Every structure is written in C-alpha cells, then in structure tokens.
Amino acid sequence: MTKLKKYFLRFICLPLLCYVVLTSALSVLFKDKLVQIVHTEIEKNVSTPVQIGDIKLSFITAFPFAELRVKDIYVEDRWEKTLLDADLLGIRMGLFSLLTDGIKIQSIIVKGGKANVVYNNNGVANYDIFNSKSDDSTADNSDFKLKIRKGFLEEMNIRYIDQRDQHDVKLAIQDLKIGGDFSSRVFDLSTSSELLIEKLKVSDQTYLKNKPLSYVGNIKIDLEKERYQIETLGINIDGGVFDIAGSIDQEGNEAMLDLTLNASNGDLGTVLALLPDLNAADFSTSGDFAFNATVKGPYSDKSMPAIEVAFGLEDGEISTRYLDLPLKHVSFKSEFIMGHPKKTSRLNLDGFYAEMGGAPILFDLNILDLDNPLIDLRADAQIAGKAIA
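Residues numbered from 1 in each chain as written. Predicted model: local features only at pLDDT ≥ 70, side-chain atom pairs only at ≥ 80, totals over all residues. Heavy atoms only, no water.

1. Topic: the overall build of the protein chain
Link 1 in the chain: Of the regular secondary structure elements, the protein chain holds 3 helices and 20 strands.
Link 2 in the chain: Taken over 389 residues, the protein chain has a buried fraction of 35%.
Link 3 in the chain: When contacts within the protein chain are restricted to residue pairs at least 6 apart in sequence, those whose partners lie at least 24 apart make up 48%.
Link 4 in the chain: Accessible area of the protein chain: about 23,100 Å², with a carbon and sulfur share of 55%. (Helix = DSSP H or I, 4+ residues; strand = E, 2+ residues; numbered from the N terminus. Buried < 20%, exposed > 50% of the residue type's maximum accessible area, 1.4 Å probe, protein only. Contact = heavy atoms within 4.5 Å. Areas by Shrake-Rupley, 256 points an atom, 1.4 Å probe, with all protein chains shown as cover.)

2. Notes on the side chain of Ser300
Link 1 in the chain: Mapped onto the secondary structure, Ser300 falls in the loop between β14 (283-299) and β15 (306-320).
Link 2 in the chain: A polar contact is formed between the side chain of Ser300 and the side chain of Ser303, at a distance of 2.9 Å.
Link 3 in the chain: Leaving out residues up to four positions away in the same chain, Ser300 has contacts with Asn253 and Glu254. (Polar contact = N/O pair within 3.5 Å; in protein donor to acceptor, adjacent residues only side chain to side chain.)

3. Things to note about a negative patch on the surface
Link 1 in the chain: On the surface, a cluster of negative charge is contributed by Asp54, Asp72, Asp85, Asp87 and Glu155.
Link 2 in the chain: Positionally, Asp72 belongs in strand β3 (residues 66-76). (Patch = residues over 30% accessible without salt bridge, like charges linked within 9 Å, V, L, I, M, F, W, Y side chains within 5 Å. Salt bridge = Lys/Arg side-chain N within 4 Å of Asp/Glu carboxyl O. Lys, Arg positive; Asp, Glu negative; His and termini not counted. Charge placed at Lys NZ, Arg CZ, Asp CG, Glu CD.)

4. A closer look at the side chain of Glu76
Link 1 in the chain: Tracing the sequence through the fold places Glu76 in strand β3.
Link 2 in the chain: No salt bridge is formed by the buried Glu76, whose closest oppositely charged neighbour, Arg78, lies at an N-O distance of 11 Å.
Link 3 in the chain: For Glu76, the contacting residues outside a window of four places in its chain are Thr48, Pro49, Lys81, Leu83 and Ile129.

5. A closer look at the pattern of salt bridges
Link 1 in the chain: Under the definition given, this model contains 11 salt bridges.
Link 2 in the chain: Here Glu224 ties to Arg185 by a salt bridge, and the two come within 3.2 Å at their closest N and O atoms. Here Glu224, found in the loop between β10 (211-222) and β11 (227-237), pairs with Arg185, found in the loop between β7 (167-179) and β8 (186-202); they are 39 residues apart in sequence, far enough to count as distant.
Link 3 in the chain: One connected set of salt bridges, linked through shared partners, spans Glu67, Arg69 and Arg92.

6. Describing the packing of aromatic side chains
Each aromatic ring pair is characterised by the separation of its centres together with the angle its planes make.
Link 1 in the chain: Overall, the coordinates contain 8 aromatic pairs when judged by the stated rule.
Link 2 in the chain: Ring centres of Tyr119 and Tyr127 lie 5.9 Å apart, and the angle between their planes is 90°; on these two criteria the pair is classed as edge-to-face.
Link 3 in the chain: Residue class for Tyr127 comes out partly exposed when judged on its relative accessible area of 34%.
Link 4 in the chain: Residues Phe311 and Phe332 carry aromatic rings whose centres are separated by 6.0 Å and whose planes lie at 85° to one another, so their mutual orientation is edge-to-face. Of this pair, Phe311 sits in strand β15 while Phe332 is found in strand β16 (residues 327-338), placing the two residues 21 residues apart along the sequence.
Link 5 in the chain: A relative accessible area of 7% places Phe332 in the buried class.
Link 6 in the chain: Three or more aromatic residues joined by ring pairs make a cluster, and in this case those are Phe242, Phe291, Phe311, Phe332, Phe352 and Phe363. (Phe/Tyr/Trp six-rings, centres within 6.5 Å; stacked < 30°, edge-to-face > 60°.)

7. Description of the pairing of strand β4 (residues 82-93)
Link 1 in the chain: Counting buried positions over the 12 residues of β4 gives 10, a clear majority of the element.
Link 2 in the chain: Relative to β4, β3 is paired through 10 bridges, and the arrangement is antiparallel. Within the sheet, the bridge partner assigned to Tyr74 lies in β4 and is Asp85.
Link 3 in the chain: Hairpin connection of β3 to β4: 5 residues between the antiparallel strands, including Glu80 at a positive phi of 65°. (Pairing = 2+ DSSP bridges.)

8. Comments concerning the nonpolar core
Nonpolar side chains tend toward joint burial in soluble globular proteins.
Link 1 in the chain: Counting 60 residues, the largest nonpolar core has Phe291 and Val330 as the members making the most contacts within it.
Link 2 in the chain: Once residues lying within four places of it in the same chain are set aside, the contact partners of Val330 are Leu313, Glu314, Asp315, Gly316, Glu317, Ile318, Phe352, Tyr353 and Ala354. (Core = buried A, V, L, I, M, F, W, Y, C linked by side-chain atoms within 4.5 Å.)

9. A word on the confidence of the model for the protein chain
Link 1 in the chain: With 78% of its residues at a pLDDT of 70 or more, the protein chain shows a mean pLDDT of 81.
Link 2 in the chain: The weakest mean pLDDT in the protein chain belongs to strand β20 (residues 386-388) at 40; the strongest belongs to β7 at 95.
Link 3 in the chain: Below a pLDDT of 50 lies the segment residues 134-139, which in the model reaches 4 contacts outside its immediate sequence neighbourhood of four places, other chains included.
Link 4 in the chain: Per-residue pLDDT stays below 50 along residues 385-389; that stretch engages in 8 contacts with residues further than four places along the chain or on separate chains. (pLDDT = per-residue confidence, 0-100.)

10. Observations concerning unusual backbone geometry
Link 1 in the chain: With phi around 50°, Glu155 is a residue other than glycine that occupies positive phi space.
Link 2 in the chain: In this structure, Glu155 sits in strand β6 (residues 144-162).

11. Some words on the pairing of β14
Link 1 in the chain: Relative to β15, β14 runs antiparallel, the two being bridged by 13 bridges. Along β15, the bridge assignment pairs Thr294 with Glu308.
Link 2 in the chain: The loop that links β14 with its antiparallel partner β15 comprises 6 residues.

12. Brief notes about the environment of Gly123
Link 1 in the chain: With respect to the helices, strands and loops of the structure, Gly123 is situated in the loop between β5 (103-119) and α2 (137-140).
Link 2 in the chain: Owing to a relative accessible area of 29%, Gly123 belongs among the partly exposed residues under this scheme.
Link 3 in the chain: Along the sequence, Gly123 and Asp162 sit 39 residues apart, while their C-alpha atoms lie 7.9 Å from each other.

Laid out in structure tokens, this is it:
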C-alpha cells in the first residue's frame with residue numbers, strides 16, 4: 001500500500017501540482033497582455049460600440065487549451081441596434097502559443113444570449129460593421145493568428161430578417177457545432193445542430209412554427225471558385241428525416257443550384273406539415289411512403305430554379321381531424337413541377353385509391369398553370385351510400 005501511495009504521489013499528484021502552479025503563473029503573466037490585445041483588436045477592427053464585462057484566462061474549462069472567457073459581451077450593429085448580446089464569448093488557443101509572438105486561436109464559443117441578422121430593403125446588412133483594410137499587412141501584424149478549426153453556439157436565440165425578400169426567421173439554438181480549417185480557401189466543413197424553429201415566415205406564409213430541427217452534415221467549400229458541394233446533410237424536422245445532396249455555385253449575383261432531397265424516414269403527415277398552416281399532429285399516417293425532390297437552375301432577384309417533387313403512398317392509412325372517418329388502403333403517385341413563369345407549373349395526382357367506411361374512392365387530378373389554374377378532376381366515389389362519378 002505504501003508503494004502504491006508513492007506511485008500515486010509521483011505520477012499523479014506531482015504532475016497535477018506542477019500543472020496548477022504553471023497555469024497559475026501563466027494566468028498572472030498573460031492575462032493583462034490578453035486583455036489589452038482584446039481591446040486593441042476590437043478598436044482596430046470594429047466600427048460600432050462594443051461593451052464587454054469581466055475577462056478571465058482559464059486553463060481548466062477547455063483543457064488542454066487555454067481559454068479567454070469574455071463575459072457579458074454586447075455588440076451594436078450599424079443601425080445602433082443589437083447585433084450580439086451574449087453571456088459568454090470563449091476564445092480557445094494553444095497553450096504554448098501564449099509564449100510566441102502570435103496567439104493562435106483554435107476555436108470560438110458563444111453562449112447564452114441573442115444575435116440579430118438584418119438586411120434592409122436595399123440589401124445592406126446590419127453586421128457590416130468591420131473596418132476595411134487598405135492592405136493585408138494589417139491582418140499579418142495582428143496579435144491573434146486565426147487558425148480556427150471549431151466554432152460553437154450554445155443556448156442562443158437567432159433572428160434573421162430580410163426586408164427586401166420578406167423573410168423572417170426566429171431560431172432557438174440549443175447547440176451548434178462547425179469544424180474545418182477556416183484559415184484555408186478550400187476546406188471541408190463539418191456541422192451539426194439541435195434547435196427549435198420558432199418562426200419561419202416567407203412573405204405572408206408561416207412555415208414550421210415551433211418545430212424541432214436537428215442536422216448533421218459535411219460540405220466541401222471552395223472560396224476561390226465560390227462553390228459549395230454538399231456531401232451529406234441529414235435533417236430531422238419534427239421526426240421526419242430528409243437527406244440533401246448537391247452543389248451551389250455562386251456566379252456574380254446569381255447562385256446556380258443543383259440539389260436533391262429525399263425522405264429517408266418520414267411519413268406523409270411530416271411532409272404535409274412543411275406546408276403553411278398545417279401541423280404534423282393533425283395527421284396520422286402509415287404505409288410505404290416515398291418522397292424526393294430536385295432543385296435545379298439559377299436563383300437570384302430575377303430568376304428562380306426549377307423545382308420538381310415526386311411523392312406517393314402505397315397501401316397506407318390517413319387519419320385527420322378534418323375527416324370523420326380514416327382513409328384506408330390509400331395508394332397514389334403524385335408529381336409537382338414548379339415552373340417559372342408559374343403558368344408552366346403543374347400538379348399531377350394519378351391513380352388515387354382509398355376506402356372510407358368500406359366505400360372506395362378513386363380519382364385522378366391534374367392542375368395546369370398556378371396563376372390561372374386549369375383543373376381536370378375525374379372521380380368515382382361512394383360516400384354514405386351515394387355515388388359520385
């Protein structure tokens with residue numbers, strides 16, 4: 001037992017004591033230096049008022065890194081409103097980089113608070129608050145050398161408003177992670193998040209109100225070519241899982257989209273809940289459900305990509321508060337094409353079959369031109385003993 005105590009003291013307690021003494025000494029030596037660097041970098045790079053509270057240097061919270069913990073940070077946007085209001089900004093850096101001329105930042109964490117991103121009717125962003133640099137020498141002379149590989153958001157409320165395109169989005173982010181070599185012009189981005197969509201409003205339509213969402217994805221980013229290749233992106237919306245893949249190429253003011261979306265583990269109710277003013281809880285569905293969509297073409301202020309959606313159900317059942325009786329043995333195939341102009345759009349729903357109360361319902365539906373719809377409905381049904389044909 002005595003020998004074991006000696007080993008414990010020699011190999012655990014002594015190194016731990018040395019680490020505590022070393023980190024305490026580094027905190028005393030470098031805290032004032034880091035505080036001065038933070039104030040200098042803010043004054044040098046940000047053109048709007050920034051308020052910060054207590055600043056501490058910790059070697060415990062982010063071991064084996066050192067972490068500069070900035071409490072109660074407030075950043076004003078270009079219109080004298082709130083851009084960022086957070087309880088904590090954590091800047092993690094290599095322990096030994098404190099002993100060099102340039103401090104290498106490894107990761108940044110923002111926790112507890114809110115951030116607002118706003119575009120006005122002229123397309124000007126509220127976060128355009130950074131001082132322009134006449135040349136690259138200013139960045140080269142910075143005391144912080146950005147080698148950021150990870151970023152974190154925790155318990156943050158995000159508001160996104162685009163006044164020109166009439167977008168209004170409110171997100172409550174529980175946890176968001178991004179990783180990549182952000183110092184490079186070409187890198188792989190890994191990202192994941194768990195959040196709540198409090199509101200997603202486009203024009204006068206509200207989608208996905210108070211819906212939980214999580215995702216995991218990997219994206220290849222080429223900033224030189226302005227190309228974003230989505231390798232994998234799995235999104236879970238209120239229990240429905242969607243897989244997205246494809247590419248986005250920025251060409252001037254126009255984005256070229258080539259995307260595919262498939263429902264790998266969803267049901268008809270989940271997809272219907274993506275439509276405005278509908279809720280997945282209003283539908284109970286079963287059966288073999290298939291869903292896939294493509295988005296292809298240019299997207300800009302003057303153009304929209306072509307959108308094609310195909311989905312169907314085989315031998316399913318649909319129950320909803322909108323119907324007194326459930327629909328059983330439901331089968332159909334549907335195709336929707338959103339063209340531009342809208343007069344080229346069409347919806348085809350072929351071979352719909354269901355039974356309500358034991359009576360069959362059959363119909364085919366075709367709709368052309370969403371601006372001035374031309375509707376072709378052919379139905380054969382028997383409901384409450386009366387035939388409709």
